[in-house]
Amino acid sequence: MSTMKFCRECNNILYPREDRNEKILLYACRNCEHQEVAENNCVYRNEIQHAAGERTQVLQDVASDPTLPRTKAVRCAVCNHGEAVFFQATARGEEGMTLFFVCCNPNCGHRWRD
């Protein structure tokens, strides 16, 4: 993780700057002419961590989303309800898109994929 860098000459913040001729990342002071080569090419990294409950809630809410397509061509294996919402997404650890279904029965919410 990168940290804030400060100028050795005037103690102002150093900002990332690209040297296009040398194709390297520099940290440069906007106050004086000081600049230094970056040790790491990562300027900023934003890691979002979700709790398992957050992901589950998102999938349960899709059944009530009026913008998602619905089908009556499938039946829920758990409650035998005849309507489901479907959408495409990438499945974990798999390449390509997968078709996901969520049962529209508010008491069920069963999820499966095709």
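About the cut-offs
Residues numbered from 1 in each chain as written. Predicted model: local features only at pLDDT ≥ 70, side-chain atom pairs only at ≥ 80, totals over all residues. Heavy atoms only, no water. Helix = DSSP H or I, 4+ residues; strand = E, 2+ residues; numbered from the N terminus. Buried < 20%, exposed > 50% of the residue type's maximum accessible area, 1.4 Å probe, protein only. Contact = heavy atoms within 4.5 Å. Areas by Shrake-Rupley, 256 points an atom, 1.4 Å probe, with all protein chains shown as cover. Pairing = 2+ DSSP bridges. Axes fitted to C-alpha atoms, helices over the stretch in contact; angles between N-to-C directions. UniProt positions renumbered as here; feature names shortened; annotations may be inferred.

Looking only at helices and strands, the protein features one helix and seven strands. Of the regular secondary structure in the protein, the N- to C-terminal order runs β-β-β-α-β-β-β-β. Split into buried and exposed, the 114 residues of the protein put 25% on the buried side. Within the protein, counting contacts between residues at least 6 apart in sequence, those at least 24 apart form 22% of the total. Per element, the accessible surface of the protein, about 9100 Å² overall, is 46% carbon and sulfur.

Here we take up the sheet that holds strand 7 (residues 111-113). Taking strand neighbours across the sheet as the criterion, the four strands line up as 4-5-6-7 in an open arrangement whose pairing is antiparallel. In the strand order of this sheet, the two ends are held by strand 4 (70-71) and strand 7, each with one partner. The pairing of strand 6 (residues 98-103) with strand 7 spans three bridges and is antiparallel. Counterpart to F100 in the pairing with strand 7 is R113.

One open sheet accounts for three strands, arranged 1-2-3; its pairing is antiparallel. Either end of the sheet is taken by a strand with one partner, and the two such strands are strand 1 (14-19) and strand 3 (35-37). Sheet twist, expressed as the mean angle between neighbouring strand axes with direction ignored, is 35 degrees. Sheet topology note: the strand 1/strand 2 (residues 24-29) ladder contains six bridges and is antiparallel. Bridging across to strand 2, Y15 finds its partner in A28.

With that out of the way, let us pick up the UniProt feature "binding site: Zn(2+) 2" (unreviewed entry) in the protein. According to UniProt, the positions carrying the feature "binding site: Zn(2+) 2" (unreviewed entry) are C76, C79, C103 and C108. Over a stretch of 33 residues, the named residues converge on one spot in the fold, their C-alpha atoms separated by at most 9.0 Å. Checked against the element boundaries, C103 lands in strand 6. C103 sits in the buried class, given a relative accessible area of 0%.

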